[in-house]
Amino acid sequence: MKLFRSLTAGLVLCGMLAGCGAQPSAPSSGSASSPQAEPVELTVFAAASMTETLTEIAELYKTEAPDVSLVYNFDSSGTLQTQIEEGAVCDLFLSAGQKQMDALETDFLLEGTRCDLLQNKVVLIAPKGAENAPASFEEAANAERIALGGADVPVGQYSEEIFRHLGLWDSMNAAGKITFGSNVKEVLAQVEAASVDCGVVYQTDAAASDGVTVCAEAPEDSYSPAVYPAAVLAGSEHPEEAKAFLAFLKTDACKQIFEDAGFTVK
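Residues numbered from 1 in each chain as written. Predicted model: local features only at pLDDT ≥ 70, side-chain atom pairs only at ≥ 80, totals over all residues. Heavy atoms only, no water.

## What about the packing of aromatic side chains?
Link 1 in the chain: Under the counting rule described, the total for this entry stands at 9 aromatic pairs.
Link 2 in the chain: Aromatic side chains Tyr228 and Phe263 sit 5.3 Å apart centroid to centroid with 80 degrees between the ring planes, which places their arrangement in the edge-to-face category. Taken as a pair, Tyr228 in strand β10 (residues 226-232) and Phe263 in the loop between α11 (252-261) and β11 (264-265) lie far apart in primary sequence, 35 residues in all. Phe263 matches Tyr228 in its accessibility class, with the two residues each being buried. (Phe/Tyr/Trp six-rings, centres within 6.5 Å; stacked < 30°, edge-to-face > 60°. Helix = DSSP H or I, 4+ residues; strand = E, 2+ residues; numbered from the N terminus. Buried < 20%, exposed > 50% of the residue type's maximum accessible area, 1.4 Å probe, protein only.)

## Overview of empty space enclosed by the protein
In this approach a probe as big as a water molecule rolls over the atoms, and the regions it shows empty are the leftover space.
Link 1 in the chain: Counted by the stated rule, this structure contains 1 cavity of 30 Å³ or more.
Link 2 in the chain: Reported here for the largest cavity is a volume of approximately 50 Å³.
Link 3 in the chain: Residue lining of the largest cavity: 13 residues in total, with Ala96, Val153, Pro154, Val184 and Tyr202 positioned closest to the centre.
Link 4 in the chain: Residue composition of the lining of the largest cavity, by class: 8 nonpolar, 4 polar and 1 charged. (1 Å grid on protein atoms, 1.4 Å probe; cavity = no way out; pocket = protein on both sides within 12 Å on 5 of 7 lines; lining within 4 Å. Points joined across faces, edges and corners; volume = space filled by probe spheres on them. Nonpolar A, V, L, I, M, F, W, Y, C, P; charged D, E, K, R; others polar.)

## Digging into the sheet that holds β11
Link 1 in the chain: In spatial order, the strands read β2-β1-β3-β10-β4-β11; together these 6 strands make up an open sheet with mixed pairing. Both edges of this open sheet fall to β2 (68-75) and β11, since each of them pairs with a single strand only.
Link 2 in the chain: The pairing of strand β4 (residues 115-120) with β10 spans 5 bridges and is classified as antiparallel. Bridge assignment links Asp116 to a residue of β10, and that residue is Pro229.
Link 3 in the chain: Strand contacts of helix α4 (residues 98-108): β3 (92-94), β4 and β10, with the helix running at about 25 degrees to β10, the strand carrying the most contacts. (Pairing = 2+ DSSP bridges. Contact = heavy atoms within 4.5 Å. Axes fitted to C-alpha atoms, helices over the stretch in contact; angles between N-to-C directions.)

In structure tokens, the structure reads:
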């Protein structure tokens, strides 16, 4: 009888152990089967004067949204506007002027996403160490060669406003002393290379260069405020991701980067 009881108990115990071993283990939270976000390539068209700041911000965004790859297209806002109108793939547009964004308002922008992001200042620069550099915009009219942005470039439009305000534009233009750049970085490069006597760029571009000296700041009442609007494109294939990146540009971390570069955050 004792032997029978022992055998019976042993069989019951083995059955319990077998039953426990058959229980499926719960998947861990770090299981390879956990769903992951689909990678997204976000195309951002931005004014050339934002090159340094947005490049730095892209590194920050890798931590914020590791599944989003930012693809930048930097150029004159006028050139970017034309590319958008011609059907270029673009999710988010950051312009250096209201005029370019206004032109896209009706047919190309996602309603409710447009906002004013930054403001910049316009300055007169000369090659670093140059002798007889102009001390003012009035003196710049006497230079033999001056580099300005073209008519479709926001900084060029601001430059024309300034010299018209001073009553100097017509004589400068007639004298053929202006060399026009396709964007602000091209204007900056001409001054850095000392191929011109001076040029007009944004304060942020001058601050990012070791090859130029700021000669003067344009009077605030001499040109329209250099405000940078931003908007998601209506044709974006990733509107939510574009809106999320635009929101990120308004965070304290990004504001600090913009302010360190010389922008005023709106």
